[in-house]
Amino acid sequence: MIKEGKISGEAIVGEGRSARINVALAMAQIGNRTDPGQRLGNGVKTNLTPPAGDAPTLPTTFNTTTDKIAEQKLKQAEIATRRAEAEERARQGEYVLASDARAAMTRTIAQLLRQIEGGLPDMASKVSGDFQLNQRDVLHVLKSEFTVIRAKATETLAGERDQRDRLVEAPA
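Quantities reported herein were computed from a predicted structural model and do not represent experimental measurements.

Chemist: Any chance you could break down the overall build of the chain for me, citing the residues and the numbers?
Modeler: Check the secondary structure of the chain and you find 5 helices and 2 strands. Listing the helices and strands of the chain from first to last along the sequence gives β-β-α-α-α-α-α. For the chain, the residues scored as buried account for 15% of the 172 residues in total. Of the contacts made within the chain by residues no fewer than 6 positions apart, 47% connect residues no fewer than 24 positions apart.

This is the structure in C-alpha cells:
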C-alpha cells in the first residue's frame, strides 16, 4: 500500500526498515485513496474506521498521483451527475430549444404587430370623428409614425440580439 501511494506522509513514522505506521491515520488515508469501485467490490467488508480514541484529520491537499487520479474521477462523476440531472430536467420540460423559443417569440411579436396595424384604421376613424379631420389623412399619419416607431424598435432590438444569441443550442 505504501508503494501504491495509499499510505504516505504523516502515516509513516520513521524511515527505512524501522519505520512504523500510524494505524489510525493510515486507515483514514486508505479510506480516502481507495477507488470507490474497489471498496464496493472486494473491499466491502474492510473496516476503515480508525480505532476508538483519537480520529486523525487528514491534510486537505494531497500530492500523490493516486490523489490526483481520485480527484479527476470525482470531477468526472460530478460532470456525469450534472449531465444526468440536466437530461432529467429536459425530460420534465424545464428546458426548451433556443430555436423553438425564438420562433415562438417571433410569431407572437409578428401577430401583435399585425393586430396593432389592423387597428390603425379604427384609431384613425375615432380621431377623425373627435377632431373633425379627414380620416384618410389621419390614417396616413398614423401609419407613417407607426413605421418610424417600428424602425426604432428594430434598431434597438438588433443591439440586444447578441444577448439572445447566447442561449445554449442543443445539438440536433
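Chemist: Can you explain the confidence of the model for the chain? Please cite residues and give values.
Modeler: Parts of the prediction with low pLDDT should not have their coordinates interpreted in detail. Of all residues in the chain, 77% have pLDDT values of 70 or greater, and the mean over the chain is 82. The secondary-structure element of the chain with the lowest mean pLDDT is helix α2 (residues 36-40), recorded at 64, while helix α4 (residues 98-131) shows the highest, at 92.

Chemist: Before we move on, could you go through helix α1 (residues 23-33) and cite the residues and values that matter?
Modeler: A large share of α1 lies buried, amounting to 9 of its 11 residues. Within α1, the full set of buried residues consists of A24, L25, A26, M27, A28, Q29, I30, G31 and R33. Two or three places before A24, at the opening of α1, N22 has a side-chain oxygen 3.3 Å from that residue's backbone nitrogen.

Chemist: Please give an account of the side chain of S128 that cites residues and values.
Modeler: Topologically, S128 is positioned in helix α4. A polar atom in the side chain of S128 sits 2.9 Å from the backbone oxygen of S125. Excluding its chain neighbours within four sequence positions, the residues that come into contact with S128 are L133, N134, Q135 and V138.

Chemist: Go over α4, please, and point to the residues and values.
Modeler: Taking 1.5 Å of rise per residue, the 34 residues of α4 would be expected to cover 50 Å, and the 48 Å separating its terminal C-alpha atoms lies within 8% of that figure. In the structure, α4 departs most strongly from a straight axis at L120, where the bend amounts to approximately 35° and where the proline P121 lies between one and four residues downstream. Taken residue by residue, α4 has A98, G119, L120, A124 and S128 as its buried positions. Within two residues after α4, Q132 carries a phi angle of roughly 50°, on the positive side.

Chemist: Kindly report on unusual backbone geometry, identifying the contributing residues and their values.
Modeler: Its identity as a non-glycine residue notwithstanding, Q132 has a phi of 50°, on the positive side. Given a relative accessible area of 68%, Q132 falls into the exposed group.

Chemist: Please give an account of the environment of T64 that cites residues and values.
Modeler: Note on placement: T64 falls in the loop between α2 and α3 (65-91). It is 6.7 Å that separates the C-alpha atoms of T64 and G5, two residues lying 59 residues apart in sequence. Setting aside chain neighbours within four positions, we find T64 in contact with G5 and S8.

Chemist: Break down the pattern of salt bridges for me, citing the residues and quoting the values.
Modeler: For the structure shown, the criterion picks out 5 salt bridges. The salt bridge involving K126 is made with D130; its shortest N-O contact spans 3.4 Å. Highlighted residues: K126 and D130, both in helix α4, separated by 4 residues, approximately one helical turn. On the accessibility criterion, D130 (44% relative accessible area) is partly exposed.

Chemist: Residues and numbers for a nonpolar patch on the surface, please.
Modeler: A cluster of nonpolar side chains, L112, I116 and M123, forms an exposed patch at the surface whose accessible area comes to about 250 Å². Relative to the elements of secondary structure, I116 occurs in helix α4. Overall, I116 belongs to the partly exposed group, its relative accessible area being 34%.

Cut-offs and rules
- Residues numbered from 1 in each chain as written.
- Predicted model: local features only at pLDDT ≥ 70, side-chain atom pairs only at ≥ 80, totals over all residues.
- Heavy atoms only, no water.
- Helix = DSSP H or I, 4+ residues; strand = E, 2+ residues; numbered from the N terminus.
- Buried < 20%, exposed > 50% of the residue type's maximum accessible area, 1.4 Å probe, protein only.
- Contact = heavy atoms within 4.5 Å.
- pLDDT = per-residue confidence, 0-100.
- Polar contact = N/O pair within 3.5 Å; in protein donor to acceptor, adjacent residues only side chain to side chain.
- Expected span 1.5 Å × (residues − 1).
- Bend = angle between axes of the 7 residues up to and from the residue.
- Salt bridge = Lys/Arg side-chain N within 4 Å of Asp/Glu carboxyl O.
- Patch = residues over 30% accessible without salt bridge, like charges linked within 9 Å, V, L, I, M, F, W, Y side chains within 5 Å.
- Areas by Shrake-Rupley, 256 points an atom, 1.4 Å probe, with all protein chains shown as cover.

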